[in-house]
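Structure assessment
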Amino acid sequence: MKKLKKRFIVPAVVFILGMCALIGAIYVVGESQEQQNRTNAKLNAMTYAEHIYGELMEGIGVTDTLKQVVISGDGNINKFYDVAANMMDDSIQSIQIAPNGVVTAIYPEDMNESGKIDLINDSDRGEISRYARDNDTVIMQGPFELKQGGYGIAVRNPVYLKDENGKKSFWGFTIVIVKVPEIFSNSVEALSNFGYKYSLQKCASPWDDMYEWVYGSKKELNDPVIYDFDVHGNKWRLEILPKSGFYNNKYLIYMFIGGVIIVLLLTGLTAALIFINENRKNFKRLAVTDALTGIYNRRGFDEQVEQYMRQNPQKHCVVAMLDIDDFKLVNDVYGHAAGDGALQKLAESMKQYFSKDAILGRNGGDEFSIFMPDCTVVEVTPFLKKFTEETRKFYCKGEAHTFTISLGFAEYPVLADDRSQLMRCADMALYGVKMHGKNGCMEYYKCDQVKSRAKLGFIMKDIIDNLPGAFIVYRADKENDEILLANSELLRLTGCKNMDELLAYTGKSFCNLIRPDERESCQKSIWSQINGGHSNDYIFFHMRKADGKYISVLDHGRIVDSVHNGRVFYVMIMDLKSLHRHYGDRLELEEK
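Residues numbered from 1 in each chain as written. Predicted model: local features only at pLDDT ≥ 70, side-chain atom pairs only at ≥ 80, totals over all residues. Heavy atoms only, no water.

Some thoughts on the pairing of strand 4 (residues 151–162)
Threshold: Only protein chains enter the calculation, and the probe is 1.4 Å; a residue is then buried if its accessible area is under 20% of its type maximum, exposed if over 50%, and partly exposed in between. Note on conventions: DSSP H or I runs of at least 4 residues are helices, E runs of at least 2 residues are strands, and numbering of each starts at the N terminus. Should DSSP find at least two bridges between two strands, the strands are regarded as paired.
For strand 4, the buried fraction is high: ten of the twelve residues fall into the buried class. Where strand 3 (residues 139–145) meets strand 4, five bridges bridge the pair, whose relative direction is antiparallel. If you follow I139 over to strand 4, its bridge partner there is R156. Counting the residues that bridge the hairpin from strand 3 to strand 4 gives five residues, and of these G149 lies at a positive phi of roughly 105 degrees. Two strands pair when backbone bridges link them, and strand 4 and strand 5 (residues 168–180) are joined in this way by twelve bridges, in the antiparallel orientation. Paired with Y160 across the two strands is F170, which belongs to strand 5. Counted along the chain from strand 4 to the antiparallel partner strand 5, the turn is five residues long, and its residue G166 has a positive phi close to 85 degrees.

Structural notes on the packing of helix 7 (residues 327–334) against helix 8 (residues 336–353)
Our working rule: Interaxial angles span 0 to 180 degrees and are taken between N-to-C directions of axes, which are lines fitted to C-alpha atoms, for helices over the stretch in contact. Small angles under 35 degrees read as roughly parallel and large ones over 145 as roughly antiparallel, with 65 to 115 read as roughly perpendicular and the rest as oblique. Contacts are assigned to residue pairs that have any heavy atoms within 4.5 Å of one another. Under the scheme applied here, ten amino acids are nonpolar (Ala, Val, Leu, Ile, Met, Phe, Trp, Tyr, Cys and Pro), four are charged (Asp, Glu, Lys and Arg), and all others, including Gly, are polar.
At a minimum axis separation of 6 Å, helix 7 and helix 8 run at an interaxial angle of 140 degrees. Judged by the inter-axis angle, helix 7 sits oblique to helix 8. Of the residues in helix 8, those touching helix 7 at F327, V330, N331 and Y334 are H336, A338, G339 and L343. Looking at the contact of helix 7 with helix 8, its residues break down into five nonpolar, three polar and no charged.

Here we look at the sheet that holds strand 16 (residues 405–412)
Spatially, 10-12-13-11-16-17 is the arrangement adopted by the six strands of the open sheet, whose pairing is mixed. At either end of the open sheet lies a strand with only one pairing partner, and these are strand 10 (296–297) and strand 17 (441–443). Pairing between strand 12 (residues 359–364) and strand 13 (residues 367–373): five bridges, direction antiparallel. When the sheet's bridge partners are listed, L360 is paired in strand 13 with I370.

With respect to a negative patch on the surface
Convention followed: Patches draw on residues past 30% relative accessible area with no salt bridge. Two like charges within 9 Å are joined, as are two nonpolar side chains (Val, Leu, Ile, Met, Phe, Trp, Tyr) within 5 Å. Here the Shrake-Rupley method, with its probe set to 1.4 Å, supplies the accessible areas, and only the displayed protein chains count as covering residues. In the sections that follow, a salt bridge refers to a side-chain nitrogen of Lys or Arg positioned within 4 Å of a carboxyl oxygen of Asp or Glu. His residues and chain termini do not enter the charge count, which takes Lys and Arg as positive and Asp and Glu as negative. By convention, charge coordinates are those of NZ in Lys, CZ in Arg, CG in Asp, or CD in Glu.
Among the surface-exposed residues, E58, D89, D90 and E182 lie close enough to one another that they form a single negatively charged patch. Structurally, E182 can be placed in the loop between strand 5 and helix 4 (185–193). Judged by relative accessible area, E182 falls into the partly exposed class, the value being 38%.

Description of a nonpolar patch on the surface
Side chains of I23, I253, Y254, F256, I257, I261 and L265 sit close together on the surface and give an oily, nonpolar patch of about 710 Å² of accessible area. With six residues, the top contributor of residues to the nonpolar patch is helix 5 (residues 249–288). With respect to the helices and strands, the residue F256 is situated in helix 5. A residue is classified by how much of its surface remains accessible, and F256, at 35% relative accessible area, is partly exposed.

Quick notes on the sheet that holds strand 6 (residues 196–203)
Consider a sheet: its strands pair through backbone hydrogen bonds, and that pairing is either parallel or antiparallel. Taken in spatial order, the four strands of this open sheet run 7-6-9-8, and their pairing is antiparallel. Two strands bound the open sheet, and with one partner strand each, they are strand 7 (211–216) and strand 8 (225–231). The sheet shows a mean angle of 25 degrees between the axes of neighbouring strands, direction not considered. In the packing of helix 4 onto the sheet, the strands contacted are strand 6, strand 7 and strand 9 (234–242), and the crossing angle to strand 6 comes to about 145 degrees.

A look at the packing of aromatic side chains
Selection criterion: Under the pairing criterion, centres of Phe, Tyr and Trp rings, with the six-membered ring standing for Trp, must be within 6.5 Å; the plane angle then separates stacked pairs below 30 degrees from edge-to-face pairs above 60, leaving the rest tilted. Only Lys NZ and Arg CZ are tested; either one counts as a charge over a ring when it is within 6 Å of the ring centre and within 35 degrees of the ring normal.
This structure, assessed with the given rule, holds 22 aromatic pairs. When the ring of Y160 is compared with that of F170, the centres are 5.7 Å apart and the planes differ by 65 degrees; the resulting orientation is edge-to-face. Linking Y160 in strand 4 with F170 in strand 5, this pair joins segments that are ten residues apart in sequence. Given the relative accessible area of 22%, F170 is considered partly exposed. An angle of 70 degrees between the planes, with centres 5.9 Å apart, marks the rings of F471 and Y570 as edge-to-face. Placement of the pair is F471 in strand 18 (residues 470–475) and Y570 in strand 22 (residues 566–575), with a sequence separation of 99 residues. On the basis of relative accessible area, Y570 is assigned to the partly exposed category, the value being 37%. Here a set of aromatic residues connected by ring pairs shows up, and it is made of Y474, F510, W527, F541 and F569. One cation-aromatic arrangement involves R38 over F246; the distance from NZ or CZ to the ring centre is 4.1 Å. Lying across the ring of Y160, K168 places its NZ or CZ 4.9 Å from the centre.

A closer look at the confidence of the model for the protein chain
Formally: The score called pLDDT rates the predictor's confidence residue by residue, from a low of 0 to a high of 100.
The predicted model of the protein chain has a mean per-residue pLDDT of 87, with 93% of residues at 70 or higher. Counting contacts from residues 446–458, a segment whose pLDDT is below 50, to residues more than four positions away or on other chains yields five contacts.

Topic: the packing of helix 8 against helix 9 (residues 377–389)
For the record, the criterion: Handedness of a crossing is defined here by the sense of rotation of the near helix relative to the far one, left-handed for an anticlockwise turn of less than a right angle and right-handed for a clockwise turn.
Interhelical geometry of helix 8 versus helix 9 gives an angle of 145 degrees and a closest axis separation of 11 Å. Our pair here, helix 8 against helix 9, has a crossing hand that is right-handed. Facing L346, S349, M350 and Y353 of helix 8, the residues of helix 9 in contact are F383, K386 and F387.

Description of empty space enclosed by the protein
So the rule is basically this: Detection works on a 1 Å grid of protein atoms alone, calling trapped sets that fit a 1.4 Å probe cavities and calling open sets with protein on both sides within 12 Å along at least five of seven lines pockets, with lining residues defined by an atom within 4 Å of a point. Grid points are joined across faces, edges and corners, and a volume is the space filled by probe spheres set on the points.
Scanning the entire structure with this criterion turns up two cavities of 30 Å³ or more. Space inside the second largest cavity adds up to approximately 40 Å³. In terms of lining, the second largest cavity is formed by Y474, R475, D477, K478, D481, Q523, W527 and F569. Elements that contribute at least two residues to the lining of the second largest cavity include exactly strand 18 and helix 15 (516–531). Considering only residue class, the lining of the second largest cavity consists of three nonpolar, one polar and four charged.

And the structure:
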């Protein structure tokens, strides 16, 4: 259930956090984008408002020019039509003069006769005209529909004359009717080309704060950038808005889609990594766990003990090694299923009896190991004796059968300097139990072991040299298979005069005795059997002699834990030709 939660909850959290981060990023990018676009829009609004201001001032400039003509003529204007004709352009609908506020002359006259009105007293134009007169200010009225088509804005510029005493008197107005939008066509066209919607507005009168629409791509814009400007006291406003809005929705959508893809990939990757990590842990656990009993295998046990001893080099600890008495008989009489049941029963009793701090392992076959940290043999001896004396049963065809165990133990650092030596001491103690009749518990005493071996009365060198066959011992290490010992028969078989000559031509490596093309297959066969928990079977290969020639041999070896040298192979080697010569009729051997 915990694994299922981890498999689903963690990716879900990654997805949720990823989406939150994505939404946050899009929000930040959108806000930044909006701020940048607004800043750009403000700059453009200010720029083009100034352009519009200049274009309007050109229309006002026509009235100023005409005003100067009136003043210079002391209220009289000769050849008005000629003057007006010279000032006309495409953005001007008509030019007018209004002495005393009454329009008397219009250029061109065609279709403009109705414009000759009393501005001061007109119901639509009177109030704003009087304001211009009384405040000596240019006023702009409109837009209004022109009879000629389109729209226009009336620009009225009041004219004052001075008498001999310098007193000012109102003369009338110089007027120009500018066309909308021709008067600011360049500016609005540029705004449109730059991708903006716009709205140009002005107040109806200088005293009014309500803006009315003059011209634009749209009358009402949603949350536009606004720029206000003043033209001779007339309030104008330019509103602009990017056609795609301040947010580039297309970009944000693409960003969202890309972000969702990335979040989904991260979620999938997280789920995959969790799955891979769980499998890795499972594989690692399987690599160090005995499949039958569920406790550590030899590799796992060694790793755990090595780690503890490396981290706690000064602490005392005890290792016990045990096996089932007459286990081969259990397998032979009751079958391997019953034997497996006995092994499982023993492992189960170990789990129940020892604390969680203890490290339990199965070395292989019926041999088990127990590592007890932070204790001495004095403290654990009664405990181990009680464990050894417990009654244990296995079942075969529904019938219960009892079995006993033998156990040997040793203490670190009293008798050993490292894990390997400690394990060998415990193994020797277990061997001692077997020698004393099995079904018991014994501590390793180094001095007693030396004494008991001396009582045998045999010299090891005599035994080795007089074995009825070639015998060799080498390290059980795939990387370093150093030859440690060889008897005189092996030296004779290889054509060597002494041990030094054997070591010289083999480079101290057992592998160099094997013909090169057979080395890999031989080593693979040996180690596959050893790793499977079984003694290696017979191995055929061609052995290289000191003179470089090869002879066909039969190898029969066994792996052994040596007290001084660690794991080693004890190997008997037989000459196949000799076997054929003496037993050819009885043996059916295939030489490779």
